[in-house]
Amino acid sequence: MNMNAPAVDDLGLLQHLADRNGVATTFWDWYGNQCNVGSRSLLAVLEALGVPVTANATIKDVHEALAWTEDQFWLQTLPDCAVVREGATKEIHVHVPHGSWVHVDYSLEEGGKGDLHQLDRWVEPRVVNDVLTGRATFEVPAHLPLGWHTLTATVEGGAVYSAPLIVVPNRVSPSVLHQGRHWGVAAQMYSARSASSWGMGDAEDLANLAAVCGQKGADFLLINPVHAAATVAPMENSPYLPVTRRWVNPIYARPETIAEYVNAPESMRVAIAALRESAAADNGAPIERDRTWAAKSKALELVFTLPRSYHRQAEFEAFVAQGGQDLANFALWCALVEKEGGLLLPEEFANADMPAIDAQREALADRVEFWQWCQWVTREQLVKAHEVARAVGMKMGIMADLAVGVHANGSEIWSEPGVFAPGMQVGAPPDMYSQQGQNWSQPPWSPRALARTGYRPLREMLRAVLAHSGAIRIDHILGLFRLWWIPAGRPASEGTYVYFDHEAMVGVVLLEAQRAGAVVIGEDLGTVEPWVRDYLADRGILGTSVVWFEKEGSGWPLHAGHYRWGALSTVNTHDLPPTAGYLAGVQTELRHKLGLLVEDIDSVRAADRRELEQMMVRLREYGFLEAQTPTVDEVVVALHRYAAATPSALVGVSLVDVVGDVRPQNLPGTSTEYPNWCVPLCDGNGREIYIEDLATDARAAAIFEAVDSSLR
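Attention here is on the structure that accompanies the text. (Residues numbered from 1 in each chain as written. Predicted model: local features only at pLDDT ≥ 70, side-chain atom pairs only at ≥ 80, totals over all residues. Heavy atoms only, no water.)

**As for the overall build of the chain**
No. 1: From N to C terminus, the chain includes 21 helices and 25 strands.
No. 2: Its C-alpha atoms give the chain a radius of gyration of 27 Å, near enough to 27 Å, the size a compact globule of 712 residues would have.
No. 3: The dimensions of the chain, computed from C-alpha atoms along their principal axes, are 80 × 65 × 50 Å.
No. 4: A total of 712 residues make up the chain; the buried ones form 57% of that total.
No. 5: A sequence separation of at least 24 residues applies to 72% of the contacts in the chain between residues at least 6 apart. (Helix = DSSP H or I, 4+ residues; strand = E, 2+ residues; numbered from the N terminus. Rg over C-alpha atoms; globule rule 2.2 N^0.38 Å. Buried < 20%, exposed > 50% of the residue type's maximum accessible area, 1.4 Å probe, protein only. Contact = heavy atoms within 4.5 Å.)

Printed below as a string of structure tokens:
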């Protein structure tokens, strides 16, 4: 064997290294074929994980990397982080110089300490970095309470090491899921406007929309992610590509409902009214975030100058203190981006740890305070919308949506770049609906770096989102198990899956959800290994079922009675056209027009017709359709009756279906080719439906009544 030969020539050896480092070496395409991941992709992903290989690695380098991989476990006195289920024990491997004694204890989050018992486990010592290293095995006791605790190891000679110990629930079982089945509405918050909107839906509109839906019997209102976007133009349209998931987008604040506005002088009120008028959109006009933010940011600046009462100032200061360094960094990033006029900052400001940053904190202190205040007032209004939802009778209130990742040039990666995998982007392999694969342009967390933080970024993100919601939908929940990593500059088809410690990731989600009393829904659409759905169900996490995707083995629509109980079942999703559009074949015609289909258009159209014919048969079989040639509205209502006829714990109604829209909110696989995330809520004729009109809209009443009566 030529040890100096290129590593790319020995795929089998690379696959062995990848296996040892949690990197998939094969994947299944949508035709059911198993495909090998290429050598160059494997090398790029391994390098991003910190494995000592490069694109030019030799076979010798790979052998050395295999030895390095094994050594990593033995170089740690304590593991990076230990996650254990409530009521269970867990073995902890502790590495010390061979023959040295070591003592391990735990400290509880709420106070209290105890010792770990050492087990009688003999493991042959290993030479690591010229040191004969031994392994001692200790056991975490089963009686520890839920929480974020700490392990401490004291080694002979006085060295002390610590690591997080997280005790998590076996499953979550919120009381609301034991109170019968529930239905709710799914809405793109920005698209639902009112006569008083600033060009797009905001927190005040959300409160009013929640009131309308709650009065119709809905128990939840699922909205798009409201994570923060860049505060300079051009503002990112996609709510699924935020700059951070820890903080919110101040574009959703309503200036006139900030408490201090009541004390605004008349001149300021007139100025703010004029700004709102400049942002207001004509009926049916697309969402223009830059125009909205240009006006709203000026209004927020005005309100910011108004004096705050003693208790309001104290509340603001408490919010800033609770936000800590993370809020300080985010606000500074906003100020720097504002100062520089874009996301690409000068090298001296490349991340929060650069030497020049301390001077900027002082120089931009006033702007930092403004951006902290924007977070405070926006969070306040989102919390208020959730309170309104609960007050009008919703059992869960607002259901938040959690995006998969963040913008590559955003504040989250700027604040803590070491948690992310360099040179990687997250996406999805090719499938039937996105046949060239998807690249979501988001840098992934590194599973190893995340563990070294004790999963703190995941915890803080969850706490932030759950602060203004009673349920959480986790987009692409498979990301807690594995993510499709794409080396920068390569097509999505040349990526591979990287595995995460799902037991730890899911455990953290459950711990924070249980503390918040929240329902957890995982978007588990697409190709999912059966054991994953079973695992999530065992942990109390609901799945997602979409009528168009649920099929019998024969390919026919799945019988309603065969759906899962543990799911949020809907007719469509935000990645499909509204149901009226789907019935018209919009999903195929748009993709064909934009060159996104890799299959023959006639074949796809024929498959669409067959799918619709089978669905019509199924709807008639259940008695939901009687007319021989039903109207589109009748079919849409029938489909929602079908979803309601399933045993699923939750049933969702898309707001676009309620008003009869036909245009997709998002067309996966596109960027500038389609106005993704900019489509206002309209009926089938393009006439915008305002929130205040929904309460008396006949089409909306028909669907709401159909679902509500089926579940009561």
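**As for empty space enclosed by the protein**
One way to see where empty space is left: roll a probe the size of a water molecule over the atoms.
No. 1: Evaluation of the coordinates by the stated rule reveals four cavities of 30 Å³ or more.
No. 2: In this model, the largest cavity occupies a volume close to 350 Å³.
No. 3: In this structure, the largest cavity is lined by 29 residues; those nearest its centre are Ala186, Gln188, Thr573, His574 and Ser654.
No. 4: Considered class by class, the residues forming the lining of the largest cavity number 15 nonpolar, ten polar and four charged. (1 Å grid on protein atoms, 1.4 Å probe; cavity = no way out; pocket = protein on both sides within 12 Å on 5 of 7 lines; lining within 4 Å. Points joined across faces, edges and corners; volume = space filled by probe spheres on them. Nonpolar A, V, L, I, M, F, W, Y, C, P; charged D, E, K, R; others polar.)

**Things to note about the nonpolar core**
No. 1: With 116 residues, the main nonpolar core has Leu221 and Trp373 as its most contacted residues.
No. 2: In terms of residue count, the dominant contributor to this core is helix H7 (residues 310–340) (eleven residues).
No. 3: Once residues within four sequence positions are removed from consideration, Leu221 is found in contact with Val185, Ala187, Leu206, Leu209, Ala210, Met394, Gly397, Ile398 and Met399.
No. 4: Grouped together as the second largest cluster of nonpolar side chains are 78 residues, Val37, Leu46, Val51 and Leu466 included. (Core = buried A, V, L, I, M, F, W, Y, C linked by side-chain atoms within 4.5 Å.)

**A word on the packing of helix H6 (residues 289–304) against helix H9 (residues 365–391)**
No. 1: Here H6 crosses H9 at 105°, and the two axes come no closer than 11 Å. On the basis of the axis angle, H6 is roughly perpendicular to H9. The residues of H9 that touch H6, namely those facing Trp293, Ser297, Leu300, Glu301, Val303 and Phe304, are Arg367, Glu369, Phe370, Trp371, Trp373 and Cys374.
No. 2: When the residues that make up the contact of H6 with H9 are grouped by side-chain class, the tally is eight nonpolar, one polar and three charged. (Axes fitted to C-alpha atoms, helices over the stretch in contact; angles between N-to-C directions. Parallel < 35°, antiparallel > 145°, perpendicular 65-115°, else oblique.)

**Quick word on the environment of Ile357**
No. 1: When you line up the elements, Ile357 lands in helix H8 (residues 357–363).
No. 2: Measuring from C-alpha to C-alpha, the distance between Ile357 and Trp333 comes to 9.9 Å, with 24 residues separating the pair along the chain.
No. 3: The residues contacting Ile357, other than those within four sequence positions of it, are Leu332, Leu336, Phe349, Asn351, Ala352 and Trp414.

**A few points about the sheet that holds strand S3 (residues 82–85)**
No. 1: Spatially, the five strands line up as an open sheet ordered S3-S11-S10-S5-S6, and their pairing is mixed. Edge positions in the open sheet fall to S3 and strand S6 (113–115), since each of these has one partner strand only. Neighbour-to-neighbour, the strand axes of the sheet open up by a mean angle of 25°, direction not taken into account.
No. 2: Taken together, the six bridges between strand S5 (residues 102–107) and strand S10 (residues 147–155) define a ladder with antiparallel strand orientation. Residue pairing for S10: Ser107 is matched across the bridge by Thr150. (Pairing = 2+ DSSP bridges.)

**Points about the sheet that holds strand S21 (residues 496–499)**
No. 1: With antiparallel pairing, the four strands of this open sheet are ordered in space as S18-S17-S20-S21. Looking at strand neighbours, the two that pair on one side only are strand S18 (438–442) and S21, the edges of this open sheet. The sheet shows a mean angle of 50° between the axes of neighbouring strands, taken without regard to direction.
No. 2: One ladder, built from three bridges, connects strand S17 (residues 424–428) with S18; its direction is antiparallel. If you follow Val426 over to S18, its bridge partner there is Gln442.
No. 3: Sheet strands in contact with helix H2 (residues 39–48) are S17, strand S20 (482–487) and S21, and its direction is about 110° off that of S20.

**Side note on the pattern of salt bridges**
No. 1: A full pass over the atoms with the stated rule returns 36 salt bridges.
No. 2: When the shortest N-O distance is used, the salt bridge between Asp633 and Arg699 registers 3.3 Å. Residue Asp633 is found in helix H18 (residues 632–644), and its partner Arg699 is found in helix H21 (residues 698–711); the two are separated by 66 residues along the sequence.
No. 3: Judged by relative accessible area, Arg699 falls into the partly exposed class, the value being 28%.
No. 4: Sharing partners across several salt bridges, the network here consists of Arg246, Asp326, Arg459, Glu460, Arg463 and Glu512. (Salt bridge = Lys/Arg side-chain N within 4 Å of Asp/Glu carboxyl O.)

**So, the layout of surface pockets**
No. 1: Estimated volume of the second largest pocket: approximately 1,000 Å³.
No. 2: What lines the second largest pocket is a set of 32 residues, and nearest its centre among them are Phe73, Gln76, Asp80, Arg448 and Ala451.
No. 3: Those elements that provide at least two residues to the lining of the second largest pocket are helix H3 (59–74), S3, strand S4 (90–97), helix H11 (447–452) and helix H13 (502–516).
No. 4: With five residues, the top contributor of residues to the lining of the second largest pocket is S4.
No. 5: Across the lining of the second largest pocket, the residue classes tally to 15 nonpolar, eight polar and nine charged.

**A few points about unusual backbone geometry**
No. 1: In this structure, Pro234 follows Ala233 across a cis peptide bond, with omega equal to -5°.
No. 2: Tracing the backbone through its elements, the reader meets Pro234 in the loop between strand S14 (227–228) and strand S15 (244–248).
No. 3: One non-glycine residue, Ser441, lies in the positive phi region at around 60°.
No. 4: For His476, which is not glycine, the phi torsion reads 50° and is therefore positive.
No. 5: Along the polypeptide, His476 turns up in the loop between strand S19 (471–474) and S20.
No. 6: We classify His476 as buried; its relative accessible area is 16%.

**Digging into the environment of Phe481**
No. 1: By secondary structure assignment, the location of Phe481 is in the loop between S19 and S20.
No. 2: Phe481 sits in the buried class, given a relative accessible area of 5%.
No. 3: Between the alpha carbons of Phe481 and Asp501 there is a distance of 6.6 Å; along the sequence they are 20 residues apart.
No. 4: Not counting the four nearest positions on each side in its chain, Phe481 is found in contact with Val498, Tyr499, Phe500, His502, Val506, Trp531, Val532, Tyr535 and Leu536.

**A look at the state of the cysteines**
No. 1: Counted according to the given criterion, the structure contains zero disulfides.
No. 2: The thiol of Cys213 is not disulfide-bonded; the next cysteine sulfur, from Cys682, is found 17 Å away.
No. 3: Look at Cys213 and you get buried, because its relative accessible area is 0%. (Disulfide = S-S within 2.5 Å.)

**Structural notes on the packing of aromatic side chains**
Any aromatic ring pair is given by two values, namely how distant the centres are and how the planes are angled relative to each other.
No. 1: In the structure shown here, the tally under the stated rule is 19 aromatic pairs.
No. 2: Taking the centre distance of 5.3 Å and the plane angle of 45° together, the rings of Tyr240 and Trp677 count as tilted. One end of the pair, Tyr240, is in the loop between S14 and S15; the other, Trp677, is in the loop between helix H19 (655–659) and helix H20 (691–694), and 437 residues separate them in sequence. Each member of the pair Tyr240 and Trp677 is classed as buried.
No. 3: With 6.2 Å between their ring centres and 70° between their planes, Trp247 and Phe319 make a pair best called edge-to-face. Here Phe319 lies in helix H7 and Trp247 lies in strand S15, a separation of 72 residues in the sequence. Each of the two residues, Trp247 as well as Phe319, counts as buried.
No. 4: The residue whose ring lies beneath Arg135 is Trp74, and the NZ or CZ to ring-centre distance is 4.5 Å.
No. 5: The ring centre of Trp445 lies 4.7 Å from the NZ or CZ of Arg245, which sits over that ring. (Phe/Tyr/Trp six-rings, centres within 6.5 Å; stacked < 30°, edge-to-face > 60°. Lys NZ or Arg CZ within 6 Å of the ring centre and 35° of its normal.)

None of this, on its own, says anything about what the molecule does.
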